[in-house]
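# Descriptive analysis of the structure
Spelled out, the chains give:
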Amino acid sequence: MLPVRRLVRALPLLPLLCVLLAGCAARPTDTTERDVREAVADWSRVPPERLSGIPLDGWAYEVASVRRDGARALVRAELRYRLTGYDTAPGGSERELELERAAGGGPWRVRADRPAPGALPQLWDQGPVSVVRGTHSLVLGGAGQSPEALAAIAAEADRAVPAASAAWPRPWAGRVVVLVPGSLERMAQLLGRPADAYRGMGAVTTGRAGAGPAPADRVVINPEGYAELGEAGRRVILTHEVTHVATRAATSATTPLWLSEGFADWAAYRGTPTTPEQGAPALARAVRSGEVPAGLPRTEDFAFGGDPEALARAYEGAWLACRLIADRWGEAALVDLYEKAGREPWPTALREALGTDPAGLTKEWQEALRKEFR
């Protein structure tokens with residue numbers, strides 16, 4: 001994720017209880033749950049008509065529990081689906097279905113489909129979804145997004161994909177899914193956090209770190225923050241986020257956050273005339289006032305909601321560290337370091353990729369900052 005200001009699961013199945021009637025044996029079976037399950041299966045054979053524009057595959061509801069109350073039934077289920085051409089494994093969404101049965105014992109009918117309590121909504125839970133397909137992108141817009149705005153985002157994403165591929169010359173899907181909710185508040189609903197956590201951001205990327213089949217990452221646009229950016233800012237934002245998508249399989253819990261964020265920034269600024277003075281103003285002010293960072297940015301330095309100046313310095317310092325590595329050791333060495341950092345201890349990765357150690361890299365970075373901002 002990148003701040004704007006720098007740029008201008010299912011519940012266990014409940015057993016059915018046998019009912020003992022006076023003078024009678026227990027009933028061997030109860031068909032109610034089976035009938036409800038069959039009704040859900042019939043209803044969900046194909047996606048709803050209102051989602052016909054979205055390239056969906058493997059659409060299915062896996063029923064986890066059924067609770068009946070007379071002619072009503074409440075079902076907990078897991079929705080599984082793929083975005084065709086993008087997801088290498090199904091994504092999941094916990095749902096709650098409400099069914100009714102007509103008087104006299106007619107068939108069960110699904111009357112409502114909503115996110116299960118505590119589960120995150122899907123974009124289409126917020127209203128109609130518009131679809132724009134780019135050369136390298138699939139853009140899904142929420143209620144209120146105009147076709148023109150979505151087309152512009154698709155065009156920018158199509159430019160960002162080759163830029164990310166040039167910076168990260170390793171195999172990856174080479175395409176991106178972009179979600180554009182109708183507002184900052186709706187973006188926050190999709191991600192399950194307060195809106196203030198994303199205020200001031202242009203976009204964030206969601207996904208599963210590491211290699212293996214998985215749903216594709218989603219780049220989620222903050223429509224309010226994105227609207228504040230100029231053309232150059234939007235390009236940097238989307239290239240940064242798409243680079244996170246490209247490097248996802250090589251990223252793990254051992255990858256330093258500064259390296260992940262700095263690499264994405266480096267890819268975004270790579271090939272542009274942006275100078276350290278232009279791209280790192282907060283860090284420049286600190287260094288010139290004698291506040292040279294004592295070390296490379298820590299994970300906690302990237303937390304949003306605190307001092308915006310400190311957050312800016314963390315991103316800027318991470319970018320300039322990656323820029324230094326690319327200039328001093330070469331771009332191939334930076335890519336090699338990123339790969340090694342995702343599977344080896346950090347000191348080992350540094351030694352094998354750059355021939356240095358953490359203290360040596362930190363010293364060179366500090367010296368580069370002093371020289372650049374003297």
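Read on for a plain summary of the structure. (Residues numbered from 1 in each chain as written. Predicted model: local features only at pLDDT ≥ 70, side-chain atom pairs only at ≥ 80, totals over all residues. Heavy atoms only, no water.)

Here we take up the overall build of the protein. Secondary structure assignment for the protein yields 12 helices and 10 strands. Each of the three principal axes of the protein carries a C-alpha extent, and together these read 95 × 45 × 35 Å. Per-residue burial for the protein yields a buried fraction of 48% across its 374 residues. Of the charged side chains in the protein, 45 are positive and 46 negative; the average position of the first set lies 2 Å away from that of the second. (Helix = DSSP H or I, 4+ residues; strand = E, 2+ residues; numbered from the N terminus. Buried < 20%, exposed > 50% of the residue type's maximum accessible area, 1.4 Å probe, protein only. Lys, Arg positive; Asp, Glu negative; His and termini not counted. Charge placed at Lys NZ, Arg CZ, Asp CG, Glu CD.)

Counting residues in each nonpolar core, the largest one holds 66 residues, and the members touching the most others are Val 178, Trp 258, Leu 259, Leu 337 and Trp 346. Examining the composition of this core, we find that 11 residues originate from one element, helix α9 (residues 308-328), more than from any other. Setting aside residues no more than four positions away along its own chain, Leu 337 makes contact with Leu 259, Ile 325, Trp 346, Ala 349, Leu 350, Ala 353 and Leu 354. Judged by nonpolar contacts, the second largest core, of 40 residues, contains Val 75, Ala 188, Leu 190 and Ala 195. (Core = buried A, V, L, I, M, F, W, Y, C linked by side-chain atoms within 4.5 Å. Contact = heavy atoms within 4.5 Å.)

Turning our attention to the packing of aromatic side chains. Aromatic ring pairs: the centre-centre distance and the angle between the two ring planes describe each pair. Inspection of the entire model under this criterion finds 12 aromatic pairs. Considering the side-chain rings of Trp 59 and Tyr 61, the 6.0 Å spacing of their centres and the 70° angle between planes classify their relative orientation as edge-to-face. Residue Trp 59 shares its accessibility class with Tyr 61, and that shared class is buried. With a centroid separation of 5.1 Å and 85° between ring planes, the pair formed by Phe 302 and Tyr 315 is classed as edge-to-face. (Phe/Tyr/Trp six-rings, centres within 6.5 Å; stacked < 30°, edge-to-face > 60°.)

Looking at the secondary structure, you find Ala 250 in the loop between α5 (231-247) and α6 (257-269). Relative accessible area serves as the criterion here: at 18%, Ala 250 is assigned to the buried category. Along the backbone, Ala 250 and Glu 339 are 89 residues apart, and their C-alpha atoms lie at a distance of 5.6 Å. With residues near it in sequence (within four places) discarded, Ala 250 still touches Trp 168, Thr 255, Tyr 338 and Gly 342.

Attention now moves to the pairing of strand β9 (residues 201-206). Of all 6 residues in β9, 5 are buried; the element is thus mostly enclosed. Direction of pairing for β9 relative to strand β10 (residues 218-221): antiparallel, over a ladder of 4 bridges. Residue pairing for β10: Thr 205 is matched across the bridge by Val 219. (Pairing = 2+ DSSP bridges.)

This next bit is on the packing of α9 against helix α10 (residues 331-341). Viewed as axis vectors pointing N to C, α9 and α10 meet at an angle of 125°, and their least axial separation amounts to 6 Å. Overall, the two elements α9 and α10 adopt an arrangement that is oblique. Seen from α9, the contacting residues are Cys 322, Ile 325 and Ala 326; seen from α10, they are Glu 331, Leu 334 and Leu 337. (Axes fitted to C-alpha atoms, helices over the stretch in contact; angles between N-to-C directions. Parallel < 35°, antiparallel > 145°, perpendicular 65-115°, else oblique.)

For α10, every residue scored as buried is listed here: Ala 333, Leu 334, Val 335, Leu 337, Tyr 338, Lys 340 and Ala 341. Against the buried residues of α10 lie α2 (147-167), α5, α6, α9 and α11 (346-354).

The next thing to look at is the sheet that holds strand β5 (residues 108-115). Ordered in space as β2-β3-β4-β5, the 4 strands form an open sheet in which the pairing is antiparallel. The open sheet is flanked by β2 (56-69) and β5, the only strands paired with a single partner. On average, each strand axis in the sheet is tilted by 30° relative to the strand beside it, whichever way the strands run. Across 7 bridges, the pairing between strand β4 (residues 91-101) and β5 is antiparallel. Paired with Arg 95 across the strands is Pro 115, a residue of β5.

Along β4, 8 of the 11 residues are buried, which leaves the element largely enclosed by surrounding structure. Taken together, the 10 bridges between strand β3 (residues 72-83) and β4 define a ladder with antiparallel strand orientation. Following the sheet pairing, Glu 78 is matched in β4 by Glu 94. As consecutive antiparallel partners, β4 and β5 are separated by 6 residues, and within that stretch Gly 104 has a phi angle of approximately 90°, a positive value.

The next thing to look at is the side chain of Glu 98. Here Glu 98 shows up in strand β4. Within the local environment of Glu 98, its side chain forms a polar contact with the side chain of Arg 72, the two groups lying 2.8 Å apart. Apart from residues lying up to four places away in sequence, Glu 98 is in contact with Arg 72, Ala 73, Leu 74, Arg 109, Val 110, Arg 111, Ala 112 and Arg 114. (Polar contact = N/O pair within 3.5 Å; in protein donor to acceptor, adjacent residues only side chain to side chain.)

Here the focus is the packing of α5 against α6. Their axes nearest at 8 Å, the elements α5 and α6 cross at an angle of 125°. The angle between the axes of α5 and α6 places the two elements in the oblique class. By crossing handedness, the relation of α5 to α6 is classed as right-handed. Along its contact with α5, which presents Val 236, Thr 239, His 240, Thr 243, His 244 and Thr 247, the element α6 presents Ser 260, Glu 261, Phe 263, Ala 264, Asp 265, Ala 267, Ala 268 and Tyr 269. Considering only residue class, the contact of α5 with α6 consists of 6 nonpolar, 6 polar and 2 charged. (Left-handed = near helix turned anticlockwise from the far one by under 90°. Nonpolar A, V, L, I, M, F, W, Y, C, P; charged D, E, K, R; others polar.)

Read these as layout, nothing more, since geometry by itself doesn't imply function.
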